[in-house]
Amino acid sequence: MKAEIIAVGTELLLGQILNTNAQFLAQSCADLGVSVYFQTVVGDNMSRLTEALQTAKSRADLIICTGGLGPTQDDLTKDALAAFLGRQIIMHQPSMDAIESMFSTRGIHMVESNRRQALMLEDSDPLINDAGLAVGIALTQDQTHYVLLPGPPKEMKPMFERYAAPWISAKMNHVHPLYSRMLKFAGIGESSLEHELLDLIEAQTDPSIAPYAKEGEVAIRLTTRAASVEEANLKLDPVELEIRSRLGQFVYASEDVTLEQEIVRILSARKQLLAAAESCTGGLFSNMLTSVPGSSAVYRGGIICYSNMLKHKLLNVPMNVLEGPGAPGAISGETAKLLAEQMLVQADSDYAVAITGVAGPDSSEGKPVGLVYVGIARKQGETVVEQLQLTGNRDSIKWRAAKSALYKLWKLL
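Cut-offs applied
Numbering of residues starts from 1 in every chain and runs along the sequence as written. Where totals are concerned, whole chains, interfaces and linings use all residues; where local detail is concerned, this predicted model gives features only for residues with pLDDT of at least 70, and gives and counts side-chain atom pairs only at 80 or more. Side-chain numbers come from the whole structure's heavy atoms, not from hydrogens or water. Only strands joined by at least two bridges in the DSSP assignment are considered to pair. Helix numbers and strand numbers start at the N terminus; a helix is a DSSP run of H or I with at least 4 residues, a strand a run of E with at least 2. Convention adopted: a line fitted to C-alpha atoms gives each axis, helices being fitted over their contacting stretch, and angles between N-to-C directions are expressed from 0 to 180 degrees. Between 30 and 60 degrees the pair is tilted, below 30 it is stacked and above 60 it is edge-to-face, where a pair is any two Phe, Tyr or Trp rings, Trp via its six-membered ring, whose centres lie within 6.5 Å. Three exposure classes are used, based on accessible area relative to the maximum for each residue type with a 1.4 Å probe and protein chains only: buried under 20%, partly exposed in between, and exposed over 50%. Put simply, a charge is over a ring when the Lys NZ or the Arg CZ is close to the ring centre, within 6 Å, and near the line of the ring normal, within 35 degrees. Residues are said to line a cavity or pocket when one of their atoms sits within 4 Å of a point; the points come from a 1 Å grid over protein atoms alone, cavities being sets where a 1.4 Å probe fits but cannot get out and pockets being open sets with protein on both sides within 12 Å along at least five of seven lines. Grid points are joined across faces, edges and corners, and a volume is the space filled by probe spheres set on the points. Polar here means any residue other than Ala, Val, Leu, Ile, Met, Phe, Trp, Tyr, Cys and Pro, which are nonpolar, and Asp, Glu, Lys and Arg, which are charged; Gly is therefore polar. Here roughly perpendicular refers to angles of 65 to 115 degrees, roughly parallel to angles under 35, roughly antiparallel to angles over 145, and oblique to all remaining angles. Crossing handedness is defined as follows: a turn of the near helix away from the far one that is anticlockwise and smaller than a right angle gives a left-handed crossing, while the clockwise case is right-handed. By definition, residues are in contact when any of their heavy atoms lie within 4.5 Å.

## With respect to the sheet that holds strand β7 (residues 136-141)
Strand order in the open sheet made by the 6 strands is β2-β1-β3-β8-β7-β6, with mixed pairing throughout. What marks the edges here is a single partner per strand, and that holds for β2 (35-42) and β6 (125-127). When the angles between neighbouring strand axes are averaged without regard to direction, this sheet yields 20°. Two strands pair when backbone bridges link them, and strand β1 (residues 2-8) and strand β3 (residues 62-66) are joined in this way by 5 bridges, in the parallel orientation. Looking at the pairing, Ile6 lines up with Cys65 of β3.

## A closer look at the packing of aromatic side chains
Counted under the stated rule, the structure contains 3 aromatic pairs. A centroid spacing of 6.3 Å and a plane angle of 70° characterise the contact between Tyr252 and Trp410, whose relative ring orientation is edge-to-face. You can see Tyr252 sitting in strand β12 (residues 251-253) and its partner Trp410 sitting in helix α14 (residues 394-412), a full 158 residues away along the chain. An identical accessibility class is assigned to Tyr252 and Trp410; each is buried. Linked through ring pairs, Tyr252, Tyr407 and Trp410 together constitute an aromatic cluster. Between the NZ or CZ atom of Arg59 and the centre of the ring of Phe38, over which it lies, the distance is 3.8 Å.

## Remarks on the layout of surface pockets
Approximately 640 Å³ is the volume found for the largest pocket. Around the largest pocket, the lining comprises 21 residues; the ones closest to its centre are Gln27, Met182, Tyr212, Arg221 and Asp256. Of all elements in the fold, only α2 (20-32), β9 (178-185), β10 (208-214) and β11 (217-225) reach the threshold of two or more residues within the lining of the largest pocket. Per-class residue counts for the lining of the largest pocket are 10 nonpolar, 5 polar and 6 charged.

## Describing the packing of helix α3 (residues 46-57) against helix α4 (residues 77-85)
Put simply, α3 and α4 touch, their axes get as near as 9 Å, and they point 55° apart. Overall, the two elements α3 and α4 adopt an arrangement that is oblique. The way α3 lies across α4 gives a crossing that is right-handed. In contact with Met46, Leu49, Thr50, Leu53, Gln54 and Lys57 of α3, α4 contributes Thr77, Asp79, Ala80, Leu81, Ala83 and Phe84. For the contact of α3 with α4, the per-class residue count stands at 7 nonpolar, 3 polar and 2 charged.

## Side note on the sheet that holds strand β13 (residues 274-278)
Pairing is mixed in the open sheet, where 5 strands are placed in the order β14-β13-β15-β16-β17. Looking along the sheet, the strands with just one partner apiece sit at the ends: β14 (299-304) and β17 (384-389). If you compare each strand with its neighbour and ignore which way they point, the axes differ by 15° on average. Pairing geometry for β13 and strand β15 (residues 351-357), over 5 bridges, is parallel. Paired with Glu278 across the two strands is Ile355, which belongs to β15. Contacts between helix α13 (residues 333-347) and the sheet are confined to β13, β14, β15, β16 (371-378) and β17, with β16 contributing the most and set at about 35° to the helix. Where α14 meets the sheet, its contacts fall on β13, β15, β16 and β17, and the angle it forms with β16 comes to roughly 30°.

## Some thoughts on unusual backbone geometry
A cis amide bond, omega 5°, links Asp206 with the succeeding residue Pro207. Tracing the backbone through its elements, the reader meets Pro207 in the loop between α7 (190-202) and β10. Note the cis peptide between Gly360 and Pro361, where omega equals 10°. Mapped onto the elements of the fold, Pro361 is located in the loop between β15 and β16. A positive phi is found at Asp123, a non-glycine position, where the angle reads about 55°. If you trace the backbone, Asp123 turns up in the loop between β5 (119-121) and β6. For Asn316, which is not a glycine, the phi torsion comes out positive at approximately 60°. Structurally, Asn316 can be placed in the loop between α11 (308-315) and α12 (319-322).

As structure tokens, this is what we get:
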């Protein structure tokens, strides 16, 4: 089954909101075994929406529309589909009763336009909205399946999972679902990773091998169709083993988790504690860690010692190390080492990470933009200091410095 997702809303075209619905629906369709070949965004315009439906019908078996089911005059999705298919619009009385009950219970006057949210196409299946008011629609005509979902994600997601997904599955004639496995890498760039796996990527058939990259991390997604998890594993396991035999030192997870999530998991399992002293990253390293649920059990906290004064006063780095003729300076391996070791003592943690460097846009202490030192002190073992020369703008360097520190820490763990 080939699918097209049509996201309806002028606000999407203007960039006022992100199209997270399409991402969710594409992933959910893959789980069902539906291949999403196209995604379209169209504004709240009757003729352009009708044109989008016509184009989608020519190239997809399943058309999923999200948005445009609300009460206002620019919510046109049902009207457009009704006109396109030549069907009448009727009232779905259970939805109308629920809308009237909601307004009555809250003591709010219901304006007539709210009735639009209970409308559906004749001879279609209603998709109940457990989290809102607008009823969804599912129908088949001329061997093409149509699913209409509301725009707000908090309404769209439960409607799809509870009602639309089972409806789609029933139309699929036992198509095998897709199974995916994500290998997450750190400490290696996308081009280097692809170079090491190029023969596998070029020869791929089943499973497919797809590299992905984002700031500071790279991933490989392995995907296959199979009748069961067991059959999928028989296909995926040999490919993963081959990849690990080449690049295993960079693989930190076999699922779609971040490096910071994996570090929190490891520290939690060992009942160990971590702290940080940050200069050029300005708290970004701490922010990444504390974004992980459960990080409070392992992360003591951090100090943002941006100035030399605070490096000296809070973490006892001698001023003759930070400043003066012949001093190593704040941006040095010596300072990173002292910051990490002093943070370890003050936090009484098992590990302490220190980051100091030049984020830019200008050089500092006569040192180039992108020069960063990462120090990691340990209760058991010597302090490790690594020098990095990062590229990019200020935000990029800060992000890469924090991610590099996470990678260095993961390697030690």
